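Results of the structural survey
Letter by letter, the chains look like this.
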Amino acid sequence: MHRSPIEEVPVSYSPHDVEALAPKGVLRATINLGNPILARQNEGQGPTGVSVDLARALACQLGVPLELIVLDGAGKAVDAVASEQADVGFFAIDPIRGKGIEFTPPYVLIEGCYLVRNASPIRASAEVDRPGVRVGVGKGSAYDLFLTRSLHEAEIVRAPTSPAVVDTFIHANLEVAAGVKQQLEADALRIGGLRLLPERFMVIEQAMGSAKGRGSLASFLLAGFIAHAKASGFVHEALKRNGVEGAAVAP
């Protein structure tokens, strides 16, 4: 059987290391289905994606079983890890989340973009932050957190999850939808009559994270795992294997 690059170079974890990352004897990893770049639910297969591959690789290196805690939003994943109901998770780096989560360096960079109707007078991202403009975002997503800080005139309307943003945008007759570029492109093809604004409004740094209460050893080990996953080519292969386009391995 083909071995991935991350398995070809053995990593030695002491029992103390294993206890720091998986104190229950099983690695509990949150999987956020709200970001289709990182994970999606496939009928008959369960969740698949880059974050699932990374969770499996880490559990394999630690020599413990893996428990996937599948959630439909980033906010729920943050709460699960921060409260230590899960051991690790996959998040966009954000200072608000950083109050309870210790992030690794990023492993993937993703573009955040705006979507409008073809007939919209809005032609550039700089034109979004104006009175009377309502922007749909996924509640608790990286876009929600970022735009809450950066938009001063436009109104933010929160959909229950990131995949529901464009449907909320349509049903509520909003002016703009914000989200992952690839998700917006797919929704534009599905619905028709929509277009993306030409430039991104943010670049999202996706990282792994553990609860700050776990201490420095857990964060050190997790950062080392991500560094190895990038340097070995594992993250690049995972993106390719899962058919992800438009996302880049973080330097």
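This text goes with the structure placed above it.
On a predicted model such as this, the values are computed, not experimentally measured, just so you know. (Residues numbered from 1 in each chain as written. Predicted model: local features only at pLDDT ≥ 70, side-chain atom pairs only at ≥ 80, totals over all residues. Heavy atoms only, no water.)

Let's talk about the pairing of strand E8 (residues 134-138)
- The element E8 is extensively covered by neighbouring structure, given that 4 of its 5 residues are classed as buried.
- Bridge count between E8 and strand E9 (residues 155-159): 5 bridges; the pairing is parallel. From the neighbouring strand, Val135 faces E9, where its bridge partner is Ile156.
- In terms of handedness, the path from E8 via helix H5 (residues 142-150) over to E9 forms a crossover that is right-handed.
- Pairing of E8 with strand E10 (residues 176-180) involves 2 bridges; the strand directions are parallel. Among the inter-strand pairings, Gly136 is bridged to a residue of E10, identified as Ala177. (Buried < 20%, exposed > 50% of the residue type's maximum accessible area, 1.4 Å probe, protein only. Helix = DSSP H or I, 4+ residues; strand = E, 2+ residues; numbered from the N terminus. Pairing = 2+ DSSP bridges. Right-handed = clockwise from strand over helix to strand, strands pointing away.)

Examining the side chain of Asp87
- Tracing the sequence through the fold places Asp87 in the loop between helix H4 (74-82) and strand E5 (89-92).
- A distance of 2.7 Å separates the side chain of Asp87 from the side chain of Arg214, its partner in a polar contact.
- Once you skip the residues sitting within four places of it in the chain, Asp87 turns out to touch Leu21, Ala22, Pro23, Val26, Leu27, Arg28, Val81, Gly209, Ser210 and Arg214. (Polar contact = N/O pair within 3.5 Å; in protein donor to acceptor, adjacent residues only side chain to side chain. Contact = heavy atoms within 4.5 Å.)

Thoughts on the pairing of strand E12 (residues 202-211)
- Where burial is concerned, most of E12 is hidden: 8 out of the 10 residues are buried.
- Sheet topology note: the E5/E12 ladder contains 4 bridges and is antiparallel. Within the sheet, the bridge partner assigned to Gly89 lies in E12 and is Gly209.
- Bridge count for strand E6 (residues 101-103) against E12 is 3 bridges, and the pairing is antiparallel. The residue of E12 that forms the bridge with Glu102 is Ser210.
- Across 5 bridges, the pairing between strand E7 (residues 108-117) and E12 is antiparallel. Following the sheet pairing, Leu109 is matched in E12 by Glu205.

With respect to the packing of aromatic side chains
- Overall, the coordinates contain 5 aromatic pairs when judged by the stated rule.
- Note on Phe90 and Tyr107: the rings are 6.4 Å apart at their centroids and 90 degrees apart in plane angle, and the pair reads as edge-to-face. Separated by 17 residues along the polypeptide, Phe90 in strand E5 and Tyr107 in the loop between E6 and E7 bring together distant segments of the chain.
- Residue class for Tyr107 comes out buried when judged on its relative accessible area of 0%.
- Taken together, the ring pairs connect Tyr114, Tyr143, Phe146 and Phe201 into an aromatic cluster.
- It is Arg117 that lies over the ring of Phe169; its NZ or CZ is 4.3 Å from the centre.
- A cation sits over an aromatic face here: Arg241 above Phe234, 6.0 Å from the ring centre. (Phe/Tyr/Trp six-rings, centres within 6.5 Å; stacked < 30°, edge-to-face > 60°. Lys NZ or Arg CZ within 6 Å of the ring centre and 35° of its normal.)

Quick look at the pattern of salt bridges
- With the rule as written, the count across this model stands at 12 salt bridges.
- For the salt bridge of Arg134 with Glu175, the shortest nitrogen-to-oxygen distance reads 3.0 Å. One end of the pair, Arg134, is in strand E8; the other, Glu175, is in the loop between helix H6 (165-171) and E10, and 41 residues separate them in sequence.
- Under the relative-accessibility criterion, Arg134 is labelled partly exposed at 25%. (Salt bridge = Lys/Arg side-chain N within 4 Å of Asp/Glu carboxyl O.)

Thoughts on the nonpolar core
- With 59 residues, the main nonpolar core has Leu54, Tyr107, Tyr114 and Val135 as its most contacted residues.
- Here this core gets 8 residues from one element, more than from any other, and that element is helix H3 (residues 50-62). (Core = buried A, V, L, I, M, F, W, Y, C linked by side-chain atoms within 4.5 Å.)

Comments concerning helix H8 (residues 216-231)
- With 16 residues, H8 extends 22 Å from end C-alpha to end C-alpha; this agrees with the ideal 22 Å at 1.5 Å per step.
- Buried residues of H8: Ala218, Ser219, Leu221, Leu222, Phe225, Ile226, His228, Ala229 and Lys230, and no others.
- Positive backbone phi, at 90 degrees, marks Gly233, one or two positions downstream of H8. (Expected span 1.5 Å × (residues − 1).)

Structural notes on unusual backbone geometry
- Of note in this structure, Glu84 is not a glycine but carries a positive phi near 60 degrees.
- When you line up the elements, Glu84 lands in the loop between H4 and E5.
- The exposure class assigned to Glu84 is partly exposed, which follows from its relative accessible area of 32%.
- Its identity is not glycine, yet Asn173 carries a phi of approximately 55 degrees, on the positive side.
- Inspection of the secondary structure assignment puts Asn173 in the loop between H6 and E10.

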